[in-house]
Amino acid sequence: MTQTIINNGLLIDGTGAEPTKGKIVVVSGNRIDYVGDEAGYTPTGNETKIDAQGGAIVPGFIDTHVHMMMEYSPVAERLATPFSFMYYQAAEYLKTTLHAGVTSVRDALGTDLGVKKAVEDGLISGPRMQLSINALTTTGGHGDGYTVSGNTVDLLASEYPGMPNGMCDGVEEVRKKTREMLRAGAEVIKVHATGGVLSATDHPEFTQFSLEELKVIVEEGKFRKNTRVMAHAQGAEGIKNAVRAGIHSIEHGIFIDDEAIDLMIENGTYLVPTLLAPIAVLETADATGMPASAVQKSKEVIDHHVESFTKAYKAGVKIAMGTDAGVFKHGTNLRELELMCNAGMTPMDAIVASTKTAAECLGWEENVGTIETGKLADIVIVKGNPLEDIKSLANHDTIQVVIKDGKIEKDIR
């Protein structure tokens, strides 16, 4: 078996340990075979070398909140686009995301099992995916495409083979819908515990689903397939309901209060902040035809969002990087690290949040998230030192080499 040696770089292994120079990473097949001093490795004579050229060698980045089957566009454009076209668009989104250095993602609704299989079987290139299929939502809540005109306009087709509709109200409907998502291939259950920025008929602070309903969702996931639950939760009461119900991760967390932080720490709940989401909504509003209500709500929440993130980070809440890519352009994922640092996180902690902690959030820590012997060879070579210039990661030219599962997916050295 041919082995690949990566050398001449600054190793940032994702564990939070101090970066080291003079180390090599040896890849054998799709696994990391050796990490350490070059003198400690005995060559087989069948190696190829990848010269990091003095850049950083880091784990493949992980985005725990994306929507790979969409990229927000004007309603008229969506209505004029044939249904199947979105699959061909998604192939480009997946490739762009991978080339940005993101080798694993958790899809927060909209991507079906066929897309994941296409990546796994090598028909298209993209990050490995953990699917939620579709989100559970209440009538009139975030995810209900009903508009004030009385018409319904969904970001994606709300129901087609392999994509159950997520609308449900009451304990028994919630139980059935959870089972439908699991049947369709969900590896994590997504629920909208509060209103949101993009929905026309609610507000981020509105609470959706009762505590009893949320507990049923968690129960169904746990006892049927040991499946975790992720909750879109922006208002404080909805966040606390989700944590009390046993939900694994809070997405967005815009209006976190002290009680919510205490509960999250007590229960080991992850925060996936998506600081980029409201900023990108404002940046792309004109080009994408973003509703005026979404623009106004984005303006209202941005400062609260940053304050909540900073408070949670300083208190010790576990933070996993996530972006909400799909609401805005794919491939811009690593802008999130700069935003986390601007809000008080150290560059090293931002990298750990985007690798090790993100892998733990997905339950994939045994295979990805750090550069350690035995793990899958998901490795990125970065030009320069991202600890000195975290913003540079958002530039695709900075991402020199992307290796996923031992295969070189990008090399622009």
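The structure contained in this document is the topic of the report that follows. Position labels on residues start from 1 in each chain and follow its written sequence. Since the coordinates come from a predicted model, pLDDT governs what is reported: local features require at least 70, and pairs of side-chain atoms require 80 or more to be given and counted, while whole-chain, interface and lining totals use all residues. Think of the side-chain values as coming from all heavy atoms in the structure, minus any hydrogens and water.

1. Quick look at the overall build of the protein
- Of the regular secondary structure elements, the protein holds 12 helices and 18 strands.
- As a reference, a globule follows 2.2 Å times the number of residues to the power 0.38, and the radius of gyration itself is taken over C-alpha atoms. Against the 2.2 N^0.38 benchmark of 22 Å for 413 residues, the protein shows a C-alpha radius of gyration of 21 Å, consistent with a compact globule.
- Its C-alpha atoms give the protein principal-axis dimensions of roughly 70 × 45 × 45 Å.
- Burial classification: accessible surface area is computed with a 1.4 Å probe over protein chains only, and a residue below 20% of its type maximum counts as buried, one above 50% as exposed, and the rest as partly exposed. Evaluated residue by residue, the protein yields a buried proportion of 58% over its 413 residues.
- Here, residues are in contact when the closest pair of their heavy atoms is within 4.5 Å. Pairs at least 24 apart in sequence give 70% of the contacts found in the protein among residues at least 6 apart.
- Counting every atom, the protein has about 16,400 Å² of accessible surface; 49% of that belongs to carbon and sulfur.
- Counted charges follow a simple rule, with Lys and Arg positive, Asp and Glu negative, and His plus the chain ends left uncounted. Charge placement uses NZ in Lys and CZ in Arg. For Asp and Glu, CG and CD serve respectively. On the protein, the mean spot of the 38 positive side-chain charges and the mean spot of the 56 negative ones are 3 Å from each other. Strands here are runs of E lasting at least two residues and helices are runs of H or I lasting at least four, both read from the DSSP assignment and numbered beginning at the N terminus. Areas reported here follow the Shrake-Rupley algorithm with a probe of radius 1.4 Å; residue values treat only the protein chains shown as occluding.

2. Section: the packing of helix α6 (residues 236–245) against helix α7 (residues 258–267)
- For helices, the axis comes from a line fit to the C-alpha atoms of the stretch in contact; other axes are also lines fit to C-alpha atoms, and the angle between any two N-to-C directions lies between 0 and 180 degrees. Direction vectors running N to C along α6 and α7 enclose 20 degrees, while the axes themselves pass 9 Å from each other. When the interaxial angle is binned, α6 and α7 end up roughly parallel. Judged by the twist between their axes, the crossing of α6 over α7 is left-handed. Contact with α6, carried on its side by I239, K240, V243 and R244, involves E259, A260, L263, M264 and N267 of α7 and no other residues of that element.
- Partitioning the contact of α6 with α7 into residue classes produces five nonpolar, one polar and three charged. Working definition: roughly parallel below 35 degrees, roughly antiparallel above 145 degrees, roughly perpendicular at 65 to 115 degrees, and oblique for all remaining angles. In this scheme the crossing of two helices becomes right-handed for a clockwise turn of the near helix relative to the far one and left-handed for an anticlockwise turn of less than a right angle. Note on residue categories: nonpolar means Ala, Val, Leu, Ile, Met, Phe, Trp, Tyr, Cys or Pro, charged means Asp, Glu, Lys or Arg, and polar means any other residue, Gly included.

3. Remarks on the sheet that holds strand β8 (residues 102–107)
- In this description, strands pair whenever DSSP reports at least two bridges between them. Ordered in space as β7-β8-β9, the three strands form an open sheet in which the pairing is parallel. Taken across any chain shown, the strands that pair with only one partner, and hence form the sheet edges, are β7 (61–66) and β9 (128–131). Averaged over all pairs of adjacent strands, the angle between their axes in this sheet comes to 15 degrees, without regard to strand direction.
- In terms of strand pairing, β7 meets β8 through four bridges, oriented parallel. Following the sheet pairing, F61 is matched in β8 by V102.

4. Things to note about the pattern of salt bridges
- By definition here, a salt bridge exists when the distance from a side-chain nitrogen of Lys or Arg to a carboxyl oxygen of Asp or Glu is within 4 Å. Summed over the entire model, instances satisfying the criterion amount to 24 salt bridges.
- A salt bridge links K49 to E38; the nearest nitrogen and oxygen atoms lie 3.7 Å apart. A residue pair is termed long-range when its members are at least 10 positions apart, and K49 in strand β5 (residues 47–51) and E38 in the loop between β4 (31–37) and β5 qualify at 11 residues.
- We classify K49 as exposed; its relative accessible area is 54%.

5. Brief notes about the side chain of S132
- Tracing the backbone through its elements, the reader meets S132 in the loop between β9 and β10 (135–136).
- A polar atom in the side chain of S132 sits 3.1 Å from the backbone nitrogen of L109.
- Each residue touching S132, except ones within four places of it in the same chain, is listed here: D107, A108, L109, A186, V188 and K190. N or O atoms closer than or at 3.5 Å make up a polar contact, with two conditions inside protein: a donor-capable atom paired with an acceptor-capable one, and, for residues adjacent in sequence, both atoms drawn from side chains.

6. A look at the sheet that holds strand β17 (residues 399–404)
- Reading across the sheet, the five strands line up as β2-β6-β16-β17-β18 and stay open at both edges, with mixed pairing between neighbours. Every interior strand has two partners, whereas the edge strands, β2 (10–11) and β18 (407–411), have only one.
- In the sheet, β2 pairs with strand β6 (residues 56–59) via two bridges, with the strands oriented parallel. The residue bridging L11 from the neighbouring strand is I57, located in β6.
- Seen against the sheet, helix α2 (residues 85–99) touches β17 and β18 and runs at an angle of roughly 110 degrees to β17.

7. A few points about α6
- Taking burial as the measure, the 10 residues of α6 include eight buried ones, the bulk of the element.
- Residues of α6 that are buried: A236, G238, I239, K240, N241, A242, V243 and A245.
- On the buried face of α6, the contacting elements are α5 (211–225), β12 (228–233), β13 (249–252) and α7.

8. Details of the side chain of T178
- In this fold, T178 is placed in helix α4 (residues 171–183).
- On the accessibility criterion, T178 (0% relative accessible area) is buried.
- Aside from chain neighbours lying at most four places away, what touches T178 is L136, I189, I217, E220 and G221.

9. Some points on the packing of aromatic side chains
- Ring pairs are drawn from Phe, Tyr and Trp, using the six-membered ring of Trp, whenever the two centres fall within 6.5 Å, and their geometry is named by plane angle: stacked under 30 degrees, edge-to-face over 60, tilted for the rest. With the rule as written, the count across this model stands at four aromatic pairs.
- Ring centres of F83 and Y87 lie 6.2 Å apart, and the angle between their planes is 75 degrees; on these two criteria the pair is classed as edge-to-face.
- Pairwise contacts between aromatic rings join F83, Y87 and Y160 into one cluster.
- Here the guanidinium or amino end of R78 rests over the ring plane of Y72, the centre of that ring lying 4.8 Å away. The criterion for a charge sitting over a ring is simple: Lys NZ or Arg CZ within 6 Å of the ring centre, and within 35 degrees of the ring normal.

10. Topic: the environment of H248
- Within the element layout of this structure, H248 appears in the loop between α6 and β13.
- Given the relative accessible area of 16%, H248 is considered buried.
- Sequence separation between H248 and M230 is 18 residues, and the spatial gap between their C-alpha atoms is 5.8 Å.
- Setting aside its immediate chain neighbours within four residues, H248 contacts R228, V229, T269, Y270, E360 and C361.

11. Some points on the nonpolar core
- Core analysis: the biggest nonpolar cluster contains 90 residues, and V191, L337 and M340 have the highest contact counts within it.
- Excluding anything up to four places from it in sequence, M340 contacts P273, L275, F309, I319, M321, M345, A350, A353 and S354.
- Nine residue types can take part in a nonpolar core, namely buried Ala, Val, Leu, Ile, Met, Phe, Trp, Tyr and Cys, and a core is a set of them joined through side-chain atoms within 4.5 Å. Of all hydrophobic cores here, the second largest spans 14 residues; its members include I6, L11, I57 and I403.

12. Considering α4
- To estimate the expected span of a helix, count its residues, drop one, and scale the result by 1.5 Å. The end-to-end C-alpha distance of α4 is 18 Å, a good match for the 18 Å that 13 residues give at a rise of 1.5 Å each.
- Turning to α4, its buried residues are V171, V174, R175, K177, T178, E180, M181 and L182.
- Against β10, β11 (188–192) and α5 lie the buried residues of α4.
- Once α4 ends, the next one or two residues include G185, with phi positive near 115 degrees.

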